[in-house]
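Tertiary structure, described
These are the residues of each chain, in order.
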Amino acid sequence: MSAIRLENIRCLYEETIVLENISFAVDEGELFFIIGGSGCGKTTLLRCMIGLLKPDQGDMFYFGKNFLSEDVEEQRMLLKKFGVLYQSSALWSSMTIGENISLPLEEYTTLNKKDRREVIALKLAQVGLAGAEELYPSELSGGMRKRAGLARALALDPKIVFFDEPSGGLDPVTSKEIDKLIVEVRDTLGTTMVIVSHQLSSILRIADRVLVLDHETRGIIADGTPYELASNSSDQRVRNFLNQS
Ligand SMILES: Nc1ncnc2c1ncn2[C@@H]1O[C@H](COP(=O)(O)OP(=O)(O)OP(=O)(O)O)[C@@H](O)[C@H]1O
Ligand SMILES: [Mg+2]
C-alpha cells in the first residue's frame, strides 16, 4: 500500500487553475522530492496535500484512506499523522525551542508536563540539538533552526513529513548536514518525506524519487529517480536541470 496516492487532483485559486491531472503515489519511507520553476505550484500542491487547500477534483489517499471523503474528525486524525515544516521553519520567536516543540503536544495529546518534557528532550536529541530546550530561535544558527523545526514536526511521531525548502537560505555545508539528518530520520523512524526543493545537490544526493511540475502545462512533466530522469526523461529541460553541475 502506498503512503500517499493522488488521483487526478486539480488545484485552483478562485477561477485560476494552478495544477490539473495530478496523479502520483509515494511509497512508505520514500524521500520524495517535488521540484519545478518558481510559481509552478509546488507550495500549492503541498498545501493541498496537508488539507489547507481543497482540490475541486480528484482524490487523495493516505495509507489507503480517502482523505477528501472522510468526515472532519477523521480528517483531523489523519492530519495528526503529518508533520509540516514551512520554508522559514516558522518557529515562534517569543518562545523557547522547548516551548515551540511543546505546542503540538499540548494541542493534540493529553501528556502531562513531565511527559511532554521527556518527548521534547527525545526529539531534540533525534535532530542533534540535545539540551537546546531553553534557547530562543534567535540564538540559533539557520541550520539549527531547521533542526529545531524538524524536531517540532516530529513531535507527534508523524508517518509523513512535508518539508518546504529544507536547504532554503543555508550554505552548502549546512545544507549537506540537513540532508544527512533527513536520511537519518527516515532510516531510523521510517518516516515518509515529501520535500520541495530547488537544491540540485540535495536531489542527487538523497532523493529516492523526483516529481517535476511545470507552470505551462500545469502538471507533471517527469516522475522517476534522479538518475532515470537525468538520462532518460523525455523532457529536455528536465535532463538539462539534472545534468548541470
Ligand atoms: N493564495 C493565492 N491566491 C491566488 N493565487 C495564488 C495564491 N498562492 C499562489 N498563487 C499562484 O499560484 C501559482 C503557484 O504558486 P506556488 O506558490 O504554489 O508556486 P511555487 O512552485 O511554490 O513557487 P516558488 O518556487 O516561488 O515557491 C502562482 O502562479 C501563484 O501566483
Ligand atoms: Mg513555494
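In this text the structure is predicted, and so the values were computed from the model without any measurement.

Let us look at the packing of aromatic side chains. Under the criterion given, the structure shown has four aromatic pairs. Judged by centre distance (5.1 Å) and plane angle (15°), the ring pair of phenylalanine 24 and phenylalanine 32 falls under stacked. The cationic tip of arginine 5 hangs over the ring face of phenylalanine 61; the distance from NZ or CZ to the ring centre is 4.4 Å. Taking the ring centre of phenylalanine 63 as reference, the NZ or CZ of lysine 159 above it sits at 5.4 Å.

For strand 9 (residues 209–214), the tally of buried residues reaches six of six residues, placing the bulk of the element in the interior. Alignment of strand 9 against strand 10 (residues 219–224), held across five bridges, turns out to be antiparallel. Paired with valine 212 across the bridge in strand 10 is alanine 222. Hairpin connection of strand 9 to strand 10: four residues between the antiparallel strands, including arginine 218 at a positive phi of 55°.

Before going further, it helps to spend a moment on the sheet that holds strand 1 (residues 4–13). Pairing is antiparallel in the open sheet, where four strands are placed in the order 2-1-4-5. Each edge of the open sheet carries a strand with a single partner, namely strand 2 (16–26) and strand 5 (65–66). Across two bridges, strand 4 (residues 57–62) lies against strand 5 in antiparallel orientation. Considered in strand 5, the bridge of phenylalanine 61 is made with asparagine 66. In the packing of helix 1 (residues 42–49) onto the sheet, contacts are made with strand 1, strand 2 and strand 4, and the angle to strand 1 comes to roughly 115°.

A few words on the layout of surface pockets. Empty space within the largest pocket amounts to approximately 560 Å³. Lining the largest pocket are 19 residues, and of these Phe82, Val84, Pro104, Glu107 and Tyr108 sit closest to its centre. When residues of the lining of the largest pocket are traced back to their parent elements, those giving at least two are strand 6 (82–85), helix 3 (97–108) and helix 5 (142–153). Tallied by class, residues from the lining of the largest pocket come to 14 nonpolar, two polar and three charged.

For the rest of this paragraph, the subject is the site of ligand 1. Inspection of the region around ligand 1 gives Tyr13, Val18, Gly37, Ser38, Gly39, Cys40, Gly41, Lys42, Thr43, Thr44 and His198 as its neighbouring residues. Here lysine 42 contributes a side-chain N or O atom positioned 2.7 Å from an oxygen atom of ligand 1. Measuring from an oxygen atom of ligand 1, one finds a side-chain N or O atom of threonine 44 at 2.5 Å. Across the complex, the protein chains shield 56% of the 640 Å² of accessible surface that ligand 1 would expose by itself. Ranked by the residues each element gives to the shell around ligand 1, the list is headed by helix 1, at three residues.

Rules used throughout
- Residues numbered from 1 in each chain as written.
- Chains lettered and ligands numbered in written order.
- Predicted model: local features only at pLDDT ≥ 70, side-chain atom pairs only at ≥ 80, totals over all residues.
- Heavy atoms only, no water.
- Phe/Tyr/Trp six-rings, centres within 6.5 Å; stacked < 30°, edge-to-face > 60°.
- Lys NZ or Arg CZ within 6 Å of the ring centre and 35° of its normal.
- Buried < 20%, exposed > 50% of the residue type's maximum accessible area, 1.4 Å probe, protein only.
- Helix = DSSP H or I, 4+ residues; strand = E, 2+ residues; numbered from the N terminus.
- Pairing = 2+ DSSP bridges.
- Contact = heavy atoms within 4.5 Å.
- Axes fitted to C-alpha atoms, helices over the stretch in contact; angles between N-to-C directions.
- 1 Å grid on protein atoms, 1.4 Å probe; cavity = no way out; pocket = protein on both sides within 12 Å on 5 of 7 lines; lining within 4 Å.
- Points joined across faces, edges and corners; volume = space filled by probe spheres on them.
- Nonpolar A, V, L, I, M, F, W, Y, C, P; charged D, E, K, R; others polar.
- Near = heavy atom within 4 Å.
- Polar contact = N/O pair within 3.5 Å; in protein donor to acceptor, adjacent residues only side chain to side chain.
- Areas by Shrake-Rupley, 256 points an atom, 1.4 Å probe, with all protein chains shown as cover.

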